[in-house]
Amino acid sequence: TAPVTDYNLTYSISLEASDGEESAVKSTQLKVIGENTGGGDGICADIPEFEPGQYEPDAQVTYQGSLYEAERWTDAELTPADPYSGWVWIGSCTE
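Criteria and cut-off values
- Residues numbered from 1 in each chain as written.
- Predicted model: local features only at pLDDT ≥ 70, side-chain atom pairs only at ≥ 80, totals over all residues.
- Heavy atoms only, no water.
- Helix = DSSP H or I, 4+ residues; strand = E, 2+ residues; numbered from the N terminus.
- Disulfide = S-S within 2.5 Å.
- Buried < 20%, exposed > 50% of the residue type's maximum accessible area, 1.4 Å probe, protein only.
- Phe/Tyr/Trp six-rings, centres within 6.5 Å; stacked < 30°, edge-to-face > 60°.
- Salt bridge = Lys/Arg side-chain N within 4 Å of Asp/Glu carboxyl O.
- Polar contact = N/O pair within 3.5 Å; in protein donor to acceptor, adjacent residues only side chain to side chain.
- pLDDT = per-residue confidence, 0-100.

Some points on the environment of Phe50
Inspection of the secondary structure assignment puts Phe50 in the loop between strand 2 (23-32) and strand 3 (60-63). Sequence spacing of Phe50 and Gln60 is 10 residues, and the spatial spacing of their C-alpha atoms is 8.6 Å.

Dropping the structure here:
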């Protein structure tokens, strides 16, 4: 059982193996989805979690436990919480 988190967290995991002469490295990322980040009841029901990329006007996403709506084409490099990203905060998913 994983610990409860407030929002989505991404962990990078790397493994390096060596026999003294040769070595190999394997890396991967693990995304842990916390509670109250979307879905469920209330205003965030059936709203997808934010994924990096560009969204069209009126798109809705959840991000770190809040609901956001795109007021214009969003900036692909910015999250909904970043200033001037094109996202408007609608409300908390937990209220």
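As for the state of the cysteines
Following the criterion strictly, the structure yields one disulfide and no others. The disulfide partner of Cys44 is Cys93, and the S-S distance across this bridge is 1.9 Å. Negative torsions about the S-S bond denote left-handed disulfides, and the value of about -80° found for Cys44 with Cys93 makes this one left-handed. Of the two residues, Cys44 is situated in the loop between strand 2 and strand 3 and Cys93 in the segment after strand 5 (87-92); the sequence distance between them amounts to 49 residues. Here Cys93 falls in the buried class, since its relative accessible area comes to 10%.

Observations regarding the environment of Glu77
Inspection of the secondary structure puts Glu77 in the loop between strand 4 (66-70) and strand 5. Taking C-alpha positions, Glu77 is 8.1 Å from Gln54, a pair spaced 23 residues apart along the chain.

Things to note about the packing of aromatic side chains
On inspection of all chains with the given rule, the structure shows five aromatic pairs. Relative to Tyr63, the ring of Phe50 has its centre 5.5 Å away and its plane inclined at 85°; by these criteria the two rings are edge-to-face. You can see Phe50 sitting in the loop between strand 2 and strand 3 and its partner Tyr63 sitting in strand 3, a full 13 residues away along the chain. As far as the burial class goes, Phe50 and Tyr63 line up, both buried.

Regarding the pattern of salt bridges
Going through the model one piece at a time under the given rule, you end up with one salt bridge. Of the charged contacts in the structure, one is a salt bridge between Arg72 and Asp75, with a shortest N-O distance of 3.5 Å.

A closer look at the side chain of Ser85
Within the fold, Ser85 resides in the loop between strand 4 and strand 5. At 3.0 Å, the side chain of Ser85 forms a polar contact with the backbone oxygen of Asp82. At a separation of 3.4 Å, a polar atom in the side chain of Ser85 contacts the main-chain amide nitrogen of Trp87.

Some thoughts on the confidence of the model for the chain
Note that predicted coordinates carrying low pLDDT should not be read in detail. Of all residues in the chain, 76% have pLDDT values of 70 or greater, and the mean over the chain is 82. Looking over the chain, one finds the lowest element-wise mean pLDDT in strand 2, namely 78, and the highest in strand 4, namely 95.

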